[in-house]
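# Coordinate inspection notes
Now for the letters of each chain:
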Amino acid sequence: MTERKGYAGHGLVHVKNPHLDSMDEDILYHLNLGTKTHNLPMMFGDIKFACVGGSPNRMKAFAQLMHKELGLEGDAKEMKDICAGPVTDRYSMYKAGPVLSISHGMGIPSISIMLHELIKLLHHAKCSDVTIIRIGTSGGIGIKPGTVVITDTAVDSFFKARFEQVILDKVVVRSTELDKDLAEELLNCSKEIHNFPALIGHTMCTYDFYEGQGRLDGAVCSFSNEKKLEYLKRAYNSGVRNIEMESTVFAAMCGLCGLKAPPLGSRKCSFHLPKEVNGALYITPCLQ
Ligand code: R2B
């Protein structure tokens, strides 16, 4: 995988909230971190990659893999969960050199809370040139199980590249475009790895795992198998190659906070992505 270069000084992580400036202290409630209780620049200032995924155990295993791949000192097994604390244990976070690995739970509300606090964390820590990637499980459509789908665009259940955020009592529509150059780079990396089937496609994000994704085995189901297949075929024909539950808000929030790619040069970075055995693992690249 490659990382971008050439925009030192312009690659800071932005927050889009004027109220933060007037706050004496920013408490990142669900991460067990804060601007008064922790030296965030010292702890996180060197972060270049933030990798997020649903399960705490998987993100710990990913951090341990990064530790090994990067040849870091110390025992990877001793890695501590940075978010472990007396107040909350909602998310887990591990740091392997410049790579932060964080769990986000399931669904848009859960990843959204984590992203608010992660983006503020990267901002307070004065991180620059950070690439954010979601590495998650998903259900593939019309592709071989185990295929890695690299998301170019996150779409909603109507196959539209948009995320509808309810703010107070208004619906605000936000864009869900992702970094196409980074997607291409990741695809090229996958070609260097033996037996690593990968493709670029759209990822559909739903609010529900059962009816929302056309499953017939939930506690409630209001459609026939024929209707399900007709819907999934339409999804496939619109470019969707996998379904999950977080990508639209991920794309929208990272895009809003300047975590988006300018057209820049690139250089090699040495880590490989892990591969899930069941179902399609997918990555949603977004670059500052
Ligand atoms: C993929 O897997 C989870 C549901 O099993 C959900 O978080 C998702 O997007």
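Residues numbered from 1 in each chain as written. Predicted model: local features only at pLDDT ≥ 70, side-chain atom pairs only at ≥ 80, totals over all residues. Heavy atoms only, no water.

### Comments concerning a nonpolar patch on the surface
A surface patch of nonpolar side chains, amounting to about 280 Å² of accessible area, comprises Val-166, Val-171 and Val-173. Mapping Val-171 onto the fold places it in strand β10 (residues 170-175). (Patch = residues over 30% accessible without salt bridge, like charges linked within 9 Å, V, L, I, M, F, W, Y side chains within 5 Å. Areas by Shrake-Rupley, 256 points an atom, 1.4 Å probe, with all protein chains shown as cover. Salt bridge = Lys/Arg side-chain N within 4 Å of Asp/Glu carboxyl O. Helix = DSSP H or I, 4+ residues; strand = E, 2+ residues; numbered from the N terminus.)

### Section: the confidence of the model for the protein
Per-residue pLDDT for the protein averages 86, and the proportion of residues at 70 or more is 86%. Confidence over residues 1-9 falls short of pLDDT 50; this stretch has 37 contacts with residues more than four positions distant or in other chains. The low-confidence segment residues 261-281 (pLDDT under 50) makes 72 contacts with residues lying over four places distant or belonging to another chain. (pLDDT = per-residue confidence, 0-100. Contact = heavy atoms within 4.5 Å.)

### Let's talk about the site of the ligand
Near the ligand, the surroundings consist of Met-106, Arg-134, Thr-137, Phe-209, Glu-244, Met-245 and Glu-246. Measuring from an oxygen atom of the ligand, one finds a side-chain N or O atom of Thr-137 at 3.3 Å. At 2.6 Å from an oxygen atom of the ligand is found a side-chain nitrogen or oxygen belonging to Glu-246. Calculation on the ligand without its partners gives an accessible area of 260 Å², and the protein chains cover 81% of this total. Looking at side-chain class alone, the shell around the ligand contains 3 nonpolar, 1 polar and 3 charged residues. (Near = heavy atom within 4 Å. Polar contact = N/O pair within 3.5 Å; in protein donor to acceptor, adjacent residues only side chain to side chain. Nonpolar A, V, L, I, M, F, W, Y, C, P; charged D, E, K, R; others polar.)

### Regarding the UniProt feature "binding site: substrate" (unreviewed entry) in the protein
UniProt annotation of "binding site: substrate" (unreviewed entry) refers to Gln-213 and Arg-215 when read in the numbering used here. Its place among the elements puts Gln-213 in the loop between β11 (198-205) and α5 (225-237). We classify Gln-213 as buried; its relative accessible area is 7%. Setting aside anything within four residues of it in sequence, one finds Gln-213 in contact with Thr-206, Asp-208, Leu-232, Ile-243, Glu-244 and Met-245. Within polar-contact distance, the side chain of Gln-213 engages the side chain of Thr-206 at 3.1 Å. (UniProt positions renumbered as here; feature names shortened; annotations may be inferred. Buried < 20%, exposed > 50% of the residue type's maximum accessible area, 1.4 Å probe, protein only.)

### Some details on the packing of aromatic side chains
For the structure on display, the rule yields 2 aromatic pairs. Their ring planes at 85 degrees and their centres at 5.0 Å tell us that Phe-209 and Tyr-210 sit as a pair that is edge-to-face. Under the relative-accessibility criterion, Tyr-210 is labelled partly exposed at 36%. In this structure, Arg-215 packs its charged tip against the face of Phe-209, placed 3.7 Å from the ring centre. Between Arg-241 and the ring centre of Tyr-236, over which it is positioned, the NZ or CZ distance is 3.7 Å. (Phe/Tyr/Trp six-rings, centres within 6.5 Å; stacked < 30°, edge-to-face > 60°. Lys NZ or Arg CZ within 6 Å of the ring centre and 35° of its normal.)

### Considerations on the pairing of strand β4 (residues 49-53)
For β4, a buried count of 5 out of 5 residues is recorded, marking the element as mostly surrounded by other parts of the structure. Both faces of β4 are covered, namely the face carrying Phe-49, Cys-51 and Gly-53 and the face carrying Ala-50 and Val-52. Note that β4 and strand β6 (residues 99-103) share 5 bridges and pair parallel. Bridge pairing links Gly-53 to Ser-103 in β6. Of the strand pairs in this sheet, β4 and strand β7 (residues 131-140) are connected by 4 bridges, and their pairing is parallel. Paired with Phe-49 across the two strands is Thr-131, which belongs to β7. (Pairing = 2+ DSSP bridges.)

### Quick word on the pairing of strand β12 (residues 240-244)
With 5 of 5 residues buried, β12 is to be regarded as a mostly interior element. Where β7 lies against β12, 2 bridges are found, and the strand directions are antiparallel. Bridge assignment links Gly-139 to a residue of β12, and that residue is Ile-243. Two elements, β11 and β12, share 4 bridges in a ladder whose sense is parallel. Residue pairing across strands places Thr-203 opposite Asn-242, the latter belonging to β12.

### Concerning helix α6 (residues 247-256)
Taken across its 10 residues, α6 has 8 buried, putting it largely inside the fold. When we look at burial in α6, the residues that qualify are Ser-247, Thr-248, Val-249, Phe-250, Ala-251, Ala-252, Met-253 and Cys-254. Backbone geometry just downstream of α6 places Gly-258 in the positive-phi region, at approximately 80 degrees.

### Examining the packing of helix α3 (residues 108-124) against α6
In the contact formed by α3 and α6, the axes pass within 9 Å of each other and the chain directions differ by 25 degrees. The orientation of α3 relative to α6 falls into the category roughly parallel. Once α3 is placed against α6, the crossing between them reads as right-handed. Counted together, Ile-108, Ile-111, Ser-112, Leu-115, His-116 and Ile-119 of α3 and Thr-248, Val-249, Phe-250 and Met-253 of α6 form the full contact between these two elements. Grouping the amino acids of the contact of α3 with α6 by side-chain chemistry returns 7 nonpolar, 3 polar and no charged. (Axes fitted to C-alpha atoms, helices over the stretch in contact; angles between N-to-C directions. Parallel < 35°, antiparallel > 145°, perpendicular 65-115°, else oblique. Left-handed = near helix turned anticlockwise from the far one by under 90°.)

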